[in-house]
Structures are given as C-alpha cells and as structure tokens.
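Listed below are the residues making up each chain.
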Amino acid sequence: TWSTRPQRLLKAVQKKATRGDPQSVISAIDNFCRHKEWAMNVGDEKGAILDCVVSEVNPSTALELGTYCGYSTVRIARLLPPETRLITLEFNPDYAVVARQVIAWAGLQDKVELVVGASGDLIPQMKQQFGVKEFDFVFLDHWKDRYLLDIKLLEECGLLRRGTVLLADNVICPGTPEYLEYVRTNPRYESRYFKSHLEYTKVEDGLEKSIFLG
Ligand code: SAM
Ligand code: MG
C-alpha cells in the first residue's frame, strides 16, 4: 500500500529499535537510510561531530531548526542533562507526526518540544510564547536559504548570548555560501569548519561551528 518515506522510516524504527533506547532508534534509522532509502538526516558520520559539540556545550536551552523525522532531535536530546529543554521547529505537519512518534519511541518526549510552524514566524515568539531567555545551542538544518535570515533574526530577537554555539549542517552540500561568508567574516562570531561527508554518502560536506561573541 502507498506510504511516504518518513512513514517507512518510522516502520523501520518500530520493527528494529527498542522502546526507550535512543541509541537503538539512531541505529535503526541509519541502517534504513544506508541500505534501503537515503533520507536527509544528519546521519551517523556528521552525527558523531554533532554529539561532541552538544556534549561540550552541555546546553540548558537548545533550539533545532528543521526536525524532519526527529533523527537529530533524538541524537541531541539523548545527551542533554535532566531539566534541559530542546525546542525543535518543523513546518511540514506530516513530518512532525512521524517525528513525534520517533521521539516517543526513544523515550525522549519529555525533553523535546516539537513546534509545528515556520522558523521565521516562530523565532520572534520564543521569548513571549515559549518562555525562552536565550539559547545556549542552536542546530541549523532546515532549508539552506533560511540559515542567514534566521541567525540574523535570532540576533535581533536577543536570543543569542555571549558564548552561544551555533552548529550548521550541510554548509558544503547542498551548501550555504552566504551564511558561511557571514559567520566567517563577522567579528561577532568565531567560526570553524568540521570536514565530513554528506549523510550516507562519500560526497564532501561538513558542519560549521560558530560561537557568538556578543
Ligand atoms: N535535522 C534533521 C535530522 O538531521 O534528522 C533533518 C532536517 S531536514 C534536512 C530539513 C527540515 O526542515 C525539513 O523537514 C523541512 O520541512 C524543514 N524546514 C525547512 N524550512 C523550514 C522552516 N523555515 N521552518 C521550519 N521547518 C523548516
Ligand atoms: Mg542536514
């Protein structure tokens, strides 16, 4: 019968992963995407870099732009200390339905607030509607032409503090040239590239880690 890729990915999780075990959810998704159907998750190779940065920052308030099926949400949330909140934004309601089930299968629903809507509409509401003071960590992985607009919006809304760490995926493939130029030349950021490969391929891609200096 007819189904979408996110629905098939969810089925693989329900079949192969253990409830309440985030690592088994991550492995089930990586296996499905490597051997059955490619999907736009950050993946295992860049995921290891994401894990290192999240552990190093040890954020108490984190934001993810672009949830898709919740793969990176699970990766990030599993590393967060108790009491920490991860807000993740996704504008496609069908993806959000799948992501909620993936996150719940991993047992991480209490750490994650998945909000359905467009980043450009939701970022300005973070203080008033979501009670956020500032973010300690932001993972950018939504549509690539939004990265620059949305960090400027985060700056304007006062959601970045001195030391906030931004981590941007896919800065080489598909690529985010205006964003890279901005964080690399702006004296308010200290920026560094982590070379890796596009998820589940051998094509070069990487993550850009940028520290906001205030
Ligand atoms: N971070 C996910 C992971 O690694 O598992 C993958 C995210 S996928 C590459 C990008 C997602 O961002 C898509 O699901 C898309 O619908 C969503 N998206 C794109 N632009 C958005 C926006 N402006 N606001 C909210 N969601 C957006
Ligand atoms: Mg990505």
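Residues numbered from 1 in each chain as written. Chains lettered and ligands numbered in written order. Predicted model: local features only at pLDDT ≥ 70, side-chain atom pairs only at ≥ 80, totals over all residues. Heavy atoms only, no water.

Caption draft 1: Region of interest: the coordination of the magnesium ion (ligand 2). Asp-141 (OD), Asp-169 (OD) and Asn-170 (OD1) make up the full set of protein donors to the magnesium ion (ligand 2), lying at 2.1 Å. Between the donor residues of the magnesium ion (ligand 2), the gaps in sequence give the motif D-x27-D-N. Placement of Asp-141 in the loop between β4 (135-140) and α8 (147-156) and of Asn-170 in the loop between β5 (160-168) and α9 (171-175) is noted, with a sequence separation of 29 residues between them. No difference in accessibility class separates Asp-141 from Asn-170, as the two residues are buried. (Donors = N, O, S within 2.8 Å, 3.2 Å for Na, K, Ca; no water. Helix = DSSP H or I, 4+ residues; strand = E, 2+ residues; numbered from the N terminus. Buried < 20%, exposed > 50% of the residue type's maximum accessible area, 1.4 Å probe, protein only.)

Caption draft 2: Local environment of the confidence of the model for the chain. Mean pLDDT over the chain: 97, with 100% of residues reaching 70 or higher. Across the predicted assembly, pTM comes out at 0.97 and ipTM at 0.99. (pLDDT = per-residue confidence, 0-100.)

Caption draft 3: Fine view of the packing of aromatic side chains. Per the counting criterion, the structure on display carries five aromatic pairs. Judged by centre distance (4.9 Å) and plane angle (90°), the ring pair of Tyr-68 and Tyr-95 falls under edge-to-face. Remark: Tyr-95 occurs in helix α5 (residues 93-105) and Tyr-68 occurs in the loop between β1 (61-65) and α4 (71-77); sequence separation between them is 27 residues. Tyr-95 gets classed as partly exposed once you look at its relative accessible area, which sits at 22%. Where Phe-91 meets Trp-143, the ring centres are 6.4 Å apart and the plane angle is 70°; that geometry is what we call edge-to-face. Within this pair, whereas Phe-91 is found in the loop between β2 (85-90) and α5, its partner Trp-143 is found in the loop between β4 and α8, the two being separated by 52 residues in sequence. Taking the relative accessible area as the measure of exposure, Phe-91 reaches 48% and is therefore partly exposed. Put simply, the rings of Tyr-182, Tyr-189 and Phe-212 pair up and form one aromatic cluster. For Arg-19, the ring lying beneath its charged end belongs to Trp-105, and the centroid distance is 4.0 Å. (Phe/Tyr/Trp six-rings, centres within 6.5 Å; stacked < 30°, edge-to-face > 60°. Lys NZ or Arg CZ within 6 Å of the ring centre and 35° of its normal.)

Caption draft 4: The arrangement of the nonpolar core in detail. Of all hydrophobic cores here, the largest spans 44 residues; its most connected members are Leu-9, Ile-29 and Phe-137. Elements with a contribution of two residues or more to this core: α1 (5-16), α2 (22-35), α3 (43-57), α4, α5, β3 (112-116), β4 and β5. Those residues in contact with Phe-137, other than ones at most four positions away along the chain, are Leu-50, Val-53, Val-54, Val-57, Pro-59, Thr-61, Ala-62, Leu-63, Ile-76, Thr-164, Val-165 and Leu-167. (Core = buried A, V, L, I, M, F, W, Y, C linked by side-chain atoms within 4.5 Å. Contact = heavy atoms within 4.5 Å.)

Caption draft 5: Quick look at α5. The terminal C-alpha atoms of α5 lie 19 Å apart, and with 13 residues this matches the ideal 18 Å at 1.5 Å per residue to within 8%. If you check which residues of α5 are buried, you get Ala-96, Val-98, Ala-99, Val-102, Ile-103 and Trp-105. Those residues of α5 that are buried lie in contact with α1, α2, α4, β2 and β3. Of the residues flanking the start of α5, the one acting as N-cap is Asn-92, its side-chain oxygen 2.8 Å from the backbone nitrogen of Asp-94. Taken from the residues just after α5, Gly-107 is the one with a positive phi, measuring 80°. (Expected span 1.5 Å × (residues − 1). Polar contact = N/O pair within 3.5 Å; in protein donor to acceptor, adjacent residues only side chain to side chain.)

Caption draft 6: Expanded view of unusual backbone geometry. The residue after Cys-173, namely Pro-174, is reached through a cis peptide bond having omega 0°. Topologically, Pro-174 is positioned in helix α9. Positive phi, normally seen in glycine, also occurs at Asn-58, with a value near 50°. Here Asn-58 lies in the loop between α3 and β1. Here Asn-170, not a glycine, exhibits a phi torsion of approximately 60°, which is positive. The exposure class of Asn-170 is buried, given its relative accessible area of 3%.

Caption draft 7: Here's a closer look at the site of ligand 1. In the vicinity of ligand 1 lie 21 residues, with Val-42, Gly-66, Ser-72, Glu-90 and Asp-141 positioned nearest. At 2.7 Å from an oxygen atom of ligand 1 is found a main-chain nitrogen or oxygen belonging to Val-42. Burial of ligand 1 by the protein chains amounts to 98% of its free accessible area of 600 Å². Those elements giving two or more residues to the shell around ligand 1 turn out to be α4 and β2. Residue composition of the shell around ligand 1, grouped by class: nine nonpolar, eight polar and four charged. (Near = heavy atom within 4 Å. Areas by Shrake-Rupley, 256 points an atom, 1.4 Å probe, with all protein chains shown as cover. Nonpolar A, V, L, I, M, F, W, Y, C, P; charged D, E, K, R; others polar.)

Caption draft 8: Expanded view of the environment of His-35. When you line up the elements, His-35 lands in helix α2. Sequence separation of His-35 and Trp-143 is 108 residues, and the distance between their C-alpha atoms is 25 Å.

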